[in-house]
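# A look at the structure
In case you want the letters, here they are:
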Amino acid sequence: MKFERVAAKAPILVIHGGAISASISQEKIEQRNRILPEILKPAWKMLQDGDTILDVVVQAVHLLEEDDLFNAGYGSTLQSDGLARLSASLMDGSKQRASVVALATHMIHPSQLVYALQSRQSRMLGPLGAQLLAREVGMKPESPISDRKARQWLENQLEGKHEVYGTVGAVALDARGNLAACTSTGGTSTCFPDRMSD
């Protein structure tokens, strides 16, 4: 299959906070909708200022990972054993290259790891490799479990509830036709330990 690069009339940047289940309150939906434009602004400025397309999508996802309203980074859901296992991916359209981290623990920004993997020969890591790479690139261990998510996990365990939050992401196309996408997820709440996320 042959791909052609096309010039965009203007840069394009799309972010998403992930799909949600019908059980999510209207208040949470409105909170998420209010924060998304604020997350978009700094990444959009980077794109307009000519930063690399990978930097732009990783920065957008990095900001999504910092807000516990989204199922990524600090807002990750907890698996049935009470541990958050995070996954992330980064795709560089111009180089036809992807990098992936799966089931990472003790971190908030797996998006930073997939960015670091882009320049390496091995670009897919599981939990142990993610921890080793995090140490190598200077990421200190951090708990991705917010108080709200811990309470939610306990309620889910006691009441058999199950709220569904989807993967967050960013996709950007620059004026030169370069395309990139980054995703991050905390997986599925109360699922079997080590369930692989998308």
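Residues numbered from 1 in each chain as written. Predicted model: local features only at pLDDT ≥ 70, side-chain atom pairs only at ≥ 80, totals over all residues. Heavy atoms only, no water.

## Focus on the pairing of strand β5 (residues 168-173)
- Of all six residues that make up β5, five are buried, and the element is covered over most of its length.
- Examined bridge by bridge, strand β1 (residues 12-16) and β5 share five bridges and lie antiparallel to one another. The partner of I12 across the bridge, within β5, is L173.
- From the end of β5 to the start of strand β6 (residues 179-185), which pair antiparallel, there are five residues, and G177 there has a positive phi angle of about 90 degrees. (Buried < 20%, exposed > 50% of the residue type's maximum accessible area, 1.4 Å probe, protein only. Helix = DSSP H or I, 4+ residues; strand = E, 2+ residues; numbered from the N terminus. Pairing = 2+ DSSP bridges.)

## Focus: the side chain of K149
- Along the chain, the position of K149 falls in helix α5 (residues 147-159).
- When near neighbours in sequence (up to four residues on either side) are disregarded, K149 contacts D68, G75, S76, T77, L78 and Y165. (Contact = heavy atoms within 4.5 Å.)

## A few points about the sheet that holds β1
- The strand order across the open sheet formed by six strands is β1-β5-β6-β2-β3-β4, and the pairing between neighbours is mixed. The open sheet terminates on both sides in strands that have one partner only, identified here as β1 and β4 (124-125).
- As paired elements, β5 and β6 share six bridges and run antiparallel to each other. Across the sheet, the residue bridging to V168 is S184, located in β6.

## So, the nonpolar core
- V56, V57, F70, L90, V101 and L113 are the most contacted members of the largest nonpolar core, which totals 37 residues.
- Discounting chain neighbours no more than four positions away, the residues touching V101 are L86, S87, A88, L113, V114, L117, L125 and A130. (Core = buried A, V, L, I, M, F, W, Y, C linked by side-chain atoms within 4.5 Å.)

## Some details on a nonpolar patch on the surface
- Together, I12, V14, V171 and L179 line one region of the surface with nonpolar side chains, adding up to about 310 Å² of accessible area.
- Within the secondary structure, L179 sits in strand β6. (Patch = residues over 30% accessible without salt bridge, like charges linked within 9 Å, V, L, I, M, F, W, Y side chains within 5 Å. Areas by Shrake-Rupley, 256 points an atom, 1.4 Å probe, with all protein chains shown as cover. Salt bridge = Lys/Arg side-chain N within 4 Å of Asp/Glu carboxyl O.)

## Digging into helix α2 (residues 53-65)
- With 13 residues, α2 should cover 18 Å at 1.5 Å per step; its first-to-last C-alpha distance of 19 Å lies within 8% of that length.
- Burial analysis of α2 places eleven of its 13 residues in the buried class, which makes it a mostly covered element.
- Burial in α2 covers these residues: I53, L54, V56, V57, V58, A60, V61, H62, L63, L64 and E65.
- Contact partners of the buried residues in α2: β1, α1 (26-48), β2 (86-92), α3 (110-117), β5 and β6. (Expected span 1.5 Å × (residues − 1).)

## Let's talk about the environment of S143
- By the element assignment, S143 lies in the loop between α4 (127-136) and α5.
- Overall, S143 belongs to the partly exposed group, its relative accessible area being 45%.
- The spatial distance from the C-alpha of S143 to the C-alpha of I108 is 6.8 Å, given a sequence separation of 35 residues.
- Setting aside anything within four residues of it in sequence, one finds S143 in contact with Y74 and I108.
- In this structure the side chain of S143 is engaged in a polar contact, spanning 3.2 Å, whose partner is the backbone nitrogen of I145. (Polar contact = N/O pair within 3.5 Å; in protein donor to acceptor, adjacent residues only side chain to side chain.)

## Side note on the confidence of the model for the chain
- Here the chain averages 88 in pLDDT, while 89% of its residues score no lower than 70.
- When mean pLDDT is compared element by element in the chain, α2 scores highest at 97, while α5 scores lowest at 82. (pLDDT = per-residue confidence, 0-100.)

## Structural notes on the pairing of β2
- Among the seven residues of β2, six are classified as buried, and the element is accordingly described as predominantly covered.
- Relative to strand β3 (residues 97-104), β2 runs antiparallel, the two sharing six bridges. For L90, the partnering residue across the bridge sits in β3 and is S99.
- Linking two consecutive strands that pair antiparallel, namely β2 and β3, is a turn of four residues; a positive phi of about 50 degrees is found at Q96 within it.

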